[in-house]
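Listed below, chain by chain, are the residues.
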Amino acid sequence: MSGDQESSAVNVAQRQVRVQLTTQQEDIALPENTGPILVPTGLRRYALSTLVNNLLGSEKPVPFEFLINGTFLRTSIDEYLTDHGISAETTLEIEYVRALTPPLHIASFQHDDWVSATDVLSSTSPAASWASGATFSKGQERILSGSYDGLLRIWNMSSETIATSPAASEGGHTASIKAAKFVSPNQIASAGLDRTVRLWKYTEDDDFVGKITPQLDLYGHKAGIESLAVHAPSNRLLTGSSDHNVGFWSTKKADAPAAPENLLPNAARTSKRRKLNTSVSTPQRGPLALLSAHTGPVSAAIFDAKDSTVGYSASWDHSLRTWDLVTSALVDTRTTSHSLLSLEHLPEHSLLAAGTAARHITLIDPRASATTVAAMTLRGHTNAVVSLARDPSSTYGLISGSHDGTCRIWDIRSTKTDKDGVVGESVYSIARKSLEEEGKVDSKRVGGEGVKVFSVCWDQTVGIVSAGEDKRIQINRGEGVLSSNKV
Amino acid sequence: MDARKASKKRKAVTRDVEEEAGVFSGDELSAENLDGALSDNNNDLSESEEEDSDSEIELIDDFSDEDDEDEEEELDSDEIPSDTEPVAPKKTQKSTPVNEEPNYRIVKDANGNERYLYDEINPDDNSDYSDVEENANTIGDIPLSFYDLYPHIGYDINGKRIMRPAKGEALDALLDSIEPLELSQEELELLKKVQMNESTIDGYNPYEPLVESFSSQLEIMPLSAAPEPKRRFVPSKHEAKRVMKIVKAIREGRILPYRPPEEREEKEEDLINYDLWADEVERPDHIMHIPAPKLPPPGYEESYHPPPEYLPEKKERKEWEQTDPEDREKEFLPNDFGSLRRVPGYENFVKEKFERCLDLYLAPRVRRSKLNIDPESLLPKLPSPEELKPFPTTCATVFRGHKGRVRSLNVDPTGIWLATGGDDGTVRVWEILTGRQLWSVKLSDEDAVNVVRWRPGKDAVILAAAAGDDLFLTVPPMIADPEIEKASLDIIDAGWGYAASNPPPSAADANKKNTPPQWIRPSSELADAGVCVVIPLRYVPKSISWHRRGDYFVTVCSGASTPASVAIAIHTVSKHLTQYPFRRRLKGGGPPQTAHFHPSKPILFVANQRSIRGYDLSRQLLVKIVQPGARWISSFDIHPTSSTASGGDNIIVGSYDRRLLWHDLDLSQRPYKTLRYHRKAIRAVKFHPGGRYPLFADASDDGSLQIFHGSVTGDMLSNASIVPLKVLKGHKITGELGVLDIDWHPREAWCVSAGADGTCRLWM
């Protein structure tokens, strides 16, 4: 009873609440004996962050974010308690995590034409991790870019082109490349408007001069290929094409069936007229399966992050489909209300993030048990969201590239609920450096004209790599991201 | 004097004394003589009197003379029934004035003219005036026969009977029987008194002086010297009793202390007050009758001695003086004068009266009919645009590349490519989402590409474009996969054989104006770029519209100089054939503007400047006429689900006079709805194809697009509901032109627009 009286007396002066600070990261954990602390309810994130830094006694303050019941604290504790109807007398469990530091611009690689696709090869990238036994030393990070001029380029971190794919006359892509991925440190897959998927062998000699040589051409799509997903351990590729089909391919020449004759380049008039005297004859193969159920162009096709026998595809026909790749069967269809233009899997939350033409990202639960189609909506972009990538360091993080010329970092814990359901807000927005250099940072480009982002890739080592209409690859990195991983 | 008096007496009895006298004295039979004798007997005075009266009457008027005579005649006629010779006296009467000499003399006056000098009138006692006054029969103008049964013939002025004069023998006998009557003067007086109803007592003076038995003068001294009795000082018991009675009555309410008010009113009613406005009926509101506004009653401020809190402070006063008189909140400042006598005259009196008169003169009050309606309630109940999502809201992509205006654009049936044509003579194909140009061909160096249209259907990729006089059918390379590209080429190439089998017309035919043109192969340069067929039309086609099956397309050359017979052409791709279905110009409204095939029926709709006509091509009949009422139709579009789901055909029409009109063809020839939201001409209108989204859009020269929701319901009873959704702005106005063409994505709620500023925009 006396305690009650005491707390009420305190309430008059300054309401206080008992908080228990926890974290899941050991390097920043508080000493074991730190019990609940009584803090004023007026505190906000910054004050709490200072408090934790003091408790840790770190010489260099680290910014922290605070999570109460799985959502970020964006107001004062007092307001949070009021909003959620929590009594100030309970002990509040607050989890703290390192705040994401603002991603800073590291470098930009200038291209000759719009850059439509990009991928990263680093020690932490999937391609390297898949390469069994391959040792990938630090400082050998490579960045792959596919451009509208039909060329693939390999860059090192000091913005030097190490290798360029052969031109159309030498067995290269005859039209714009729309997607490109490292399959392994030595193999690259690319696809584009010439309706082919090409596999390249990438070799690099000691003096940083690489060579990209065609390895295999895969025919089967009847329209431009928009997206490409690789799963190296099973040697499988998944493509989404404008001909409404999802292509399932093998990267091994031996596995792949023969290419359909009618789709080979010499079948049509164009080949007759402008005979491409390709000096190199590349083997041609067909798809393992063409998965057709979509009624619109397929904009994205990905493998399930955990199970390579499951594929997901998103299409302009508003639907998201789940495929069983073993039997090439359609498992499930989720229909949304907008055209879907990009797709990413968040395996830990069993969610699929789909970027739409309606300027937002929908998080969809693909499991059959899910009751609602859209679990969450991430709003903030002002144009179509065409590229998505996972945060390599956090299961909650996500980055999106949009035609509005920005990349936005999202944390699915940073949400609020409004009339449309759960809506998330972006944590950071990365603008194009090219705009900044032109001195038009503030000028709003209508429809992201000239600065559209076509592809984004987030690697733990390299950072955020985005490619766009400004003919550049732009690398951004939050300093804290790296430092936290080093520890 | 006696005789005269006697005659006078006789006269006093009746006027006919003279005749009576005649009767008295003379022979009855010789009345004429009698009369003459009578007149002779009469003294001079009477004669002269008669003469006088006559002359006098004549002097006044001839008519009066006659009247006089008539009167006499009448009186005579009274006698006539009893008299056998009525004429005789009359004659004498009549003859008298004739016989008499005129009572005037003619003298020469100073000017030598005739002058009538009349005798002087002798105002004698015997003059006719008194006679007539005294003895006139007063019965008035009634026939005397009424008195036949009576002894009298009337009444004199004193109310006495005028006895009928005795006549004939009876009279004579009477006179004879009577001794010569000697009446003394006294007897005569007596008779006269009797006659006059006067007292006959001798010496009676009716006018004796008044003896005042009760004086009007107040006596000063009391009559009695007795002291005042006590009772005069004692209150009267009787009075007290009566007062008590009254008091009691008042208490009981029998007597009211005041008169009841209605009594007073009644009393007031006696007093006539003329209330001018009493019966004024309230007049109904009329434009010519505006009642004066009711002014509020004066408040403290208007007082000459207002409470101090109403008096303005210095600052307020200064502020008031500085503001313009028109802007002042009130026209006066409260002023304290202390007492009424210190109030000065109103200085602005004259000015105010003048202004008031000026107002009345210059600004007659006109009633502004103020509607007391909640403006919200007038708005039609439209669903909120939020509920009608999706529709395009923002610009997603800008397509840059054309130099000069982009005149036309079209999204291909798969919804991936966008074709545009512009003033630089190029046709370009773009990736719709990213805005990447994939293919371009320069069709003409000088002429602009006026229109580009993809062939419908996904089995082939054929783009029809019109540049200058020529039509081009192209298959953009590397857009579609080889199979479809081959199929497209096959479709076009199939016609060459057909055309070859029909020999080209002779040179003579070719000279004729309306010979269909031959389809020719393009130059190698164009052929390399992807152009397959060129159709030289000789006139500039401004509109291309494909039939849904993709075998036909219709072109319209809307130039004013185009002959009517070749303005509209239907081209058959499979036969390489061009036909001109119309020989004559469409009636009413200038050259044809644009034409479209009906999406499901074999009907071709052709618009000229003012009307749209639907022709059944298989029966060659005019089936529909639509008159939008626009002055110059720029474009129209047919609802894609027209006549398929049930419901009628719906057409939207855009016009250069800024109107967008929705027509329900089953409803009326006239527009179902007119939408006037643009400031400048509407260039293009388009329904969302496929009917997946009930949207339509228009493009205007004011640089904006407007998106509408127009859902067509299946049942015939309800009309289409049209909701304006969004104005899309972004195109710059270049040379008075804004947005020139518009198209929808075939599946999505996205639209693309072509601007005069050289850009195309994708809106999503």
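Every value quoted in this text rests on a predicted model; they were computed, and no experiment measured them.

Participant: So what's going on with the overall build of chain A? Which residues, and what values?
Facilitator: On a plain count of helices and strands, chain A comes out with seven helices and 34 strands. The burial tally for chain A puts 55% of its 487 residues in the buried class. Long-range contacts, defined here as pairs at least 24 residues apart, represent 57% of the contacts in chain A between residues at least 6 apart. For chain A, the exposed surface amounts to about 20300 Å²; the carbon and sulfur share of it is 49%.

Participant: Summarise the environment of Gln110(A); cite the residues concerned and give the values.
Facilitator: All names here are of chain A. Here Gln110 is to be found in strand β6 (residues 104–110). By relative accessible area, which is 46% here, Gln110 ends up partly exposed. Measuring from C-alpha to C-alpha, the distance between Gln110 and Lys471 comes to 6.0 Å, with 361 residues separating the pair along the chain. Within the structure, the side chain of Gln110 is placed 3.2 Å from the side chain of Arg472, a separation counted as a polar contact.

Participant: Explain the interface of chain A and chain B residue by residue, including any values.
Facilitator: The interface of chain A with chain B comprises 35 residues on the first partner and 38 residues on the second. The contact between chain A and chain B buries some 3200 Å² in all, and 52% of this surface belongs to carbon and sulfur atoms. The interface formed by chain A and chain B contains three salt bridges. Here Lys178(A) and Glu431(B) are joined by a salt bridge, their closest N and O atoms 2.7 Å apart. Counting across the chain A and chain B interface gives ten residue pairs in polar contact (both at pLDDT 80 or more). Tallied by class, the residues present in the side of chain A that touches chain B amount to 13 nonpolar, eleven polar and eleven charged.

Participant: Could you give an account of the sheet that holds strand β27 (residues 374–379) of chain A, with specific residues and numbers?
Facilitator: Residues and elements named next belong to chain A. With mixed pairing, eight strands are arranged side by side in an open sheet as β24-β25-β26-β27-β31-β30-β29-β28. This sheet does not close on itself; its edge strands, each paired only once, are β24 (340–346) and β28 (385–390). Strand-to-strand, the axes of this sheet are offset by a mean angle of 30 degrees, without reference to chain direction. Pairing of strand β26 (residues 360–364) with β27, which is carried by five bridges, proceeds in the antiparallel orientation. The residue bridging His360 from the neighbouring strand is Arg379, located in β27.

Participant: Which residues make up the UniProt feature "repeat: WD" (unreviewed entry) in chain B, and what are the values?
Facilitator: With numbering matched to this structure, UniProt assigns "repeat: WD" (unreviewed entry) to residues 399–440 and 739–764 of chain B. Here residues 739–764 of chain B runs as 0% helix and 62% strand, with 17 Å between its end C-alpha atoms.

Participant: A description of the environment of Arg153(A) should follow, citing residues and the corresponding values.
Facilitator: Residues and elements named next belong to chain A. Along the chain, Arg153 turns up in strand β9 (residues 152–156). Its relative accessible area of 6% is what places Arg153 among the buried residues. Here the alpha-carbon distance between Arg153 and Ile212, two residues 59 residues apart in the chain, equals 8.8 Å. In contact with Arg153, other than residues within four places in its own chain, are His111, Asp112, Ile143, Leu144, Ser145, Ser147, Thr161, Ala163 and Thr164. Here the side chain of Arg153 touches Asp149 through a polar contact of 2.9 Å, side chain to side chain.

Participant: I'd love a proper account of a negative patch on the surface, names of residues and values included.
Facilitator: Residues and elements named next belong to chain B. Together, Asp445, Glu446, Asp447, Asp469, Glu525 and Asp528 make up a negatively charged patch on the protein surface. For Asp445, the location among the structural elements is in the loop between β9 (437–442) and β10 (449–454). A relative accessible area of 63% means that Asp445 is categorised as exposed.

Participant: Outline the UniProt feature "repeat: WD" (unreviewed entry) in chain A, listing residues and values.
Facilitator: Mapped onto this numbering, the UniProt entry annotates "repeat: WD" (unreviewed entry) at residues 136–165, 170–201, 218–259, 291–333 and 378–420 of chain A. Overall, residues 170–201 of chain A shows 0% helix and 59% strand. The separation of its end C-alpha atoms is 14 Å.

Participant: Account for the sheet that holds β9(A), with residues named and values stated.
Facilitator: Residues and elements named next belong to chain A. Sheet architecture is open: four strands sit in the order β7-β8-β9-β10, paired in antiparallel fashion. Edge strands, defined here as strands with exactly one partner in the open sheet, are β7 (115–121) and β10 (161–164). Neighbour-to-neighbour, the strand axes of the sheet open up by a mean angle of 20 degrees, direction not taken into account. Note that β9 and β10 share three bridges and pair antiparallel. Among the inter-strand pairings, Ile154 is bridged to a residue of β10, identified as Ala163.

Participant: Hey, could you go over the pattern of salt bridges for me, with residue numbers and the actual values?
Facilitator: In this structure the tally under the stated criterion is 32 salt bridges over all chains. The partner of Arg367(A) in a salt bridge is Asp365(A), and the shortest N-O contact between them spans 2.8 Å. Its relative accessible area of 42% is what places Arg367(A) among the partly exposed residues. With its nearest N and O atoms 2.9 Å apart, the salt bridge here joins Arg254(B) to Glu252(B). Residue Arg254(B) is classed as exposed on the basis of its relative accessible area of 58%. By relative accessible area, which is 49% here, Glu252(B) ends up partly exposed.

Participant: An account of the side chain of His318(A) is requested, with residue identities and associated values reported.
Facilitator: Secondary-structure assignment places His318(A) in the loop between β21 (310–315) and β22 (319–324). His318(A) sits in the buried class, given a relative accessible area of 4%. Here Glu748(B) takes part through its side chain, which lies 3.0 Å from a polar atom of the side chain of His318(A).

Participant: Residue-level account of the nonpolar core, with values.
Facilitator: All names here are of chain B. Formed by 25 residues in total, the largest nonpolar core has its most connected members in Leu473, Val533, Ile544, Trp546 and Phe553. Every element with two or more residues in this core is listed here: β11 (463–467), β12 (470–474), α15 (482–501), β13 (531–536) and β14 (543–546). Residues in contact with Leu473, not counting those within four places in the same chain, are Ile462, Leu463, Ala464, Ile492, Trp519, Val531, Cys532, Val533, Trp546, Phe553 and Val573. If you look at the next biggest cluster of nonpolar residues, it comprises 24 residues, including Ile416, Trp454, Phe472 and Ala480.

Participant: Could you give an account of the side chain of Thr23(A), with specific residues and numbers?
Facilitator: Residue and element names in this part refer to chain A. Its location among the elements puts Thr23 in the loop between β1 (16–22) and β2 (37–40). At 2.9 Å, the side chain of Thr23 forms a polar contact with the backbone oxygen of Tyr96. When residues no more than four places from it in sequence are discounted, the contact partners of Thr23 are Ile28, Ala29, Glu95 and Tyr96.

Participant: A description of a nonpolar patch on the surface should follow, citing residues and the corresponding values.
Facilitator: Together, Phe354(B), Leu358(B), Tyr361(B) and Leu362(B) make up a nonpolar patch on the protein surface, roughly 480 Å² of accessible area in all. Along the chain, Leu358(B) turns up in helix α13 (residues 349–362).

Participant: Requested: an account of the pairing of strand β14 (residues 210–218) of chain A, with residues and values cited.
Facilitator: Residues and elements named next belong to chain A. The pairing of strand β13 (residues 197–204) with β14 spans eight bridges and is classified as antiparallel. Paired with Val197 across the bridge in β14 is Leu218. Here β13 folds back onto β14, and the loop between the two strands holds five residues, one of which, Phe208, carries a positive phi near 55 degrees. Note: β14 against strand β18 (residues 284–285), two bridges, orientation parallel. Looking at β18, one finds that Leu218 is bridged to Arg285.

What counts and how
Residues numbered from 1 in each chain as written. Chains lettered and ligands numbered in written order. Predicted model: local features only at pLDDT ≥ 70, side-chain atom pairs only at ≥ 80, totals over all residues. Heavy atoms only, no water. Helix = DSSP H or I, 4+ residues; strand = E, 2+ residues; numbered from the N terminus. Buried < 20%, exposed > 50% of the residue type's maximum accessible area, 1.4 Å probe, protein only. Contact = heavy atoms within 4.5 Å. Areas by Shrake-Rupley, 256 points an atom, 1.4 Å probe, with all protein chains shown as cover. Polar contact = N/O pair within 3.5 Å; in protein donor to acceptor, adjacent residues only side chain to side chain. Buried area = accessible area lost by both parts, 1.4 Å probe. Salt bridge = Lys/Arg side-chain N within 4 Å of Asp/Glu carboxyl O. Nonpolar A, V, L, I, M, F, W, Y, C, P; charged D, E, K, R; others polar. Pairing = 2+ DSSP bridges. Axes fitted to C-alpha atoms, helices over the stretch in contact; angles between N-to-C directions. UniProt positions renumbered as here; feature names shortened; annotations may be inferred. Patch = residues over 30% accessible without salt bridge, like charges linked within 9 Å, V, L, I, M, F, W, Y side chains within 5 Å. Lys, Arg positive; Asp, Glu negative; His and termini not counted. Charge placed at Lys NZ, Arg CZ, Asp CG, Glu CD. Core = buried A, V, L, I, M, F, W, Y, C linked by side-chain atoms within 4.5 Å.

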